[in-house]
Amino acid sequence: MRLQLITVAAVLLAAGSARAQSVADTERAWNSGLRVYADDDHVTVITPSGGVVAPIGEALVTDVAVAVDVVSAASVDVLTQASPADVDERRVEIDTGVAYAPTPTLGVRGRVIVSHENDYDALRLSAGGRIEVAQRNATIDLAYTLALDSVGSAVDDNFDESRIGHQLTASFTQIVDRQTYLDFVVDAQRSDGYHANPYRLVPIVDPDSPALMSVAEATPELRTSVAGLVRVRHAFDTPRRWFGSAYYRGYIDTWDVVSHTGYAHAITPIGSGVQLGVQARLYWQGAAEFYRATYVDDVPEHRTRDRTLGGMTTVHGAITVEAGWFVGSLGAARFSFHDYPAQAHRSALIVSTGTVVPF
Amino acid sequence: MRLLMVAVALALVASCARVKPYEREVLAHPAMRQPAHPTIDSRDQHMFQVREASRGAIGAAGGGCGCN
């Protein structure tokens, strides 16, 4: 009887709501990570990170994390545009937030993310709130993010551009049954300012002349987008318990970029507190309206050589192992560019490790 | 009209069978969290955000140029 009561109490405390994790569930912990990204476009990014999560009382949680991207690149994208040699640079990101839950069914939060590079600074200020309804079977979450970007140039001290963005995200999570969640997310963004890359030049071909003219990249100042996501999370009752999730995301913006993303993830315990996970992601995107592989004769008002604005496909897969405080992931990604003559494919290997140590 | 359709859809979903707190043991399993591994998943999202043209609806991806 006592065991049953303890079990029921534990489930009540742990389960709570339709939300993934509540403020009351959060433990004080150190976390650290190391990630290595390397691709066949001669880009390597090593990212060490560390942080701490600290509940203050029963209703307040704060966290802070620092990550550093150490980038070494000789990408075709860089070398053919502006830089005659390899590029080495650092990006430092500080991410801190606070979450407050005055009642078990209500929570508010704020977050600040600062990112600094020698020629690029980014600031993200977020605020959000959530409420659980229908006897805590459903959660509604609203968030707003203000994005401020400042773009400089390592080769031109006078270059100074900026961009301001607004993002609204509404999420709805529903418990469908004892083993299933259903999530809906709608995300709207508006970004106004400089979107191009100061190092990227666009060649203009004159069929009557062997000379090649290169001009600065220029994209529309305003970009507005809407994305919608539907996700299901389910625990399967097979002889070996496993947990699966899958989502579809659709995206469209005022630059005429349309994309579809599909994702699936499965996790199963393989004994002694060890969990094995497998994930796959497929992404397809249509080109921006003004993207051309080659611009001929005239200099159009909007032009880009950014391959990420052309048609492309991404295939990504990863295996994850989680054991106690440790989590490790080995992944591979292949980016295929439908209309980028300088490079048709880009393949990458990604290794990530992380630890979360309660204290 | 679209707002009305969304409201109706949400109302239909909200009418799903109520699951009581003591019936949520499986739902509370860490493997049911989203994202499953926040640190790794956020870095993945950052990677995709700087290498693809789409953004939003999945999770915060931080800032930065990500020009490479």
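Calculation rules
- Residues numbered from 1 in each chain as written.
- Chains lettered and ligands numbered in written order.
- Predicted model: local features only at pLDDT ≥ 70, side-chain atom pairs only at ≥ 80, totals over all residues.
- Heavy atoms only, no water.
- pLDDT = per-residue confidence, 0-100.
- Contact = heavy atoms within 4.5 Å.
- Helix = DSSP H or I, 4+ residues; strand = E, 2+ residues; numbered from the N terminus.
- Pairing = 2+ DSSP bridges.
- Salt bridge = Lys/Arg side-chain N within 4 Å of Asp/Glu carboxyl O.
- Polar contact = N/O pair within 3.5 Å; in protein donor to acceptor, adjacent residues only side chain to side chain.

## A short note on the confidence of the model for chain B
Inference 1: This prediction gives chain B a mean pLDDT of 77; 62% of its residues lie at or above 70.
Inference 2: Model confidence for the complex: the whole-complex pTM is 0.88, and ipTM, which rates the interface, is 0.87.

## Examining the confidence of the model for chain A
Residue and element names in this part refer to chain A.
Inference 1: Looking at chain A, pLDDT values average 89 and 90% of them are 70 or higher.
Inference 2: Low pLDDT, under 50, characterises residues 1-20; the stretch is placed with 35 contacts to residues that sit more than four places away or in other chains.
Inference 3: Note that pLDDT drops below 50 for residues 79-84; the model gives that stretch 12 contacts with residues more than four away or on any other chain.

## Considering unusual backbone geometry
Across the chain, the bulk of peptide bonds are trans and the bulk of non-glycine residues have phi less than zero.
Inference 1: For the bond running from B:Gln34 to B:Pro35, omega is 0 degrees, close enough to zero to count as cis.
Inference 2: The topology assignment puts B:Pro35 in the loop between α1 (2-14) and α2 (38-51).
Inference 3: Phi is positive for A:Ser272, close to 55 degrees, though the residue is something other than glycine.
Inference 4: Within the secondary structure, A:Ser272 is located in the loop between β14 (258-271) and β15 (274-285).

## Quick look at the environment of A:Leu222
Inference 1: Note that A:Leu222 resides in strand β12 (residues 222-236).
Inference 2: Spatially, the C-alpha atoms of A:Leu222 and A:Arg163 are 9.5 Å apart, while their sequence positions differ by 59 residues.

## Looking at the pairing of strand β8 (residues 161-177) of chain A
All names here are of chain A.
Inference 1: Inspection of the sheet shows strand β7 (residues 138-151) paired to β8 by 14 bridges, in the antiparallel sense. Directly across from Tyr144, in β8, lies its bridge partner Leu168.
Inference 2: Relative to strand β9 (residues 180-193), β8 is paired through 14 bridges, and the arrangement is antiparallel. Across the sheet, the residue bridging to Ile175 is Tyr181, located in β9.
Inference 3: Turn length for the β8-β9 hairpin, with the two strands adjacent in sequence and antiparallel, is two residues.

## With respect to the pattern of salt bridges
Residues and elements named next belong to chain A.
Inference 1: Taken as a whole and assessed by the stated rule, the structure comprises 22 salt bridges over all chains.
Inference 2: Where Arg124 meets Asp149, a salt bridge forms, and the shortest distance between an N and an O atom there is 3.2 Å. Of the two residues, Arg124 is situated in strand β6 (residues 120-133) and Asp149 in strand β7; the sequence distance between them amounts to 25 residues.

## Here we look at the interface of chain A and chain B
Inference 1: Between chain A and chain B, the residue contacts involve 84 residues of the former and 46 residues of the latter.
Inference 2: For the pair chain A and chain B, the number of links is four salt bridges.
Inference 3: Linking chain A with chain B are 18 residue pairs in polar contact (both at pLDDT 80 or more), by the criterion used here.
Inference 4: A total of nine residues in the side of chain A that touches chain B trace back to one element, the largest contributor, which is β12(A).

## Section: the pairing of strand β19 (residues 345-358) of chain A
Residues and elements named next belong to chain A.
Inference 1: One ladder, built from 11 bridges, connects strand β1 (residues 29-39) with β19; its direction is antiparallel. Within β19, the position partnered with Asn31 by the bridge is Val356.
Inference 2: Pairing of strand β18 (residues 326-337) with β19, which is carried by 11 bridges, proceeds in the antiparallel orientation. Of the residues in β19, the one forming a bridge with Phe335 is Arg346.

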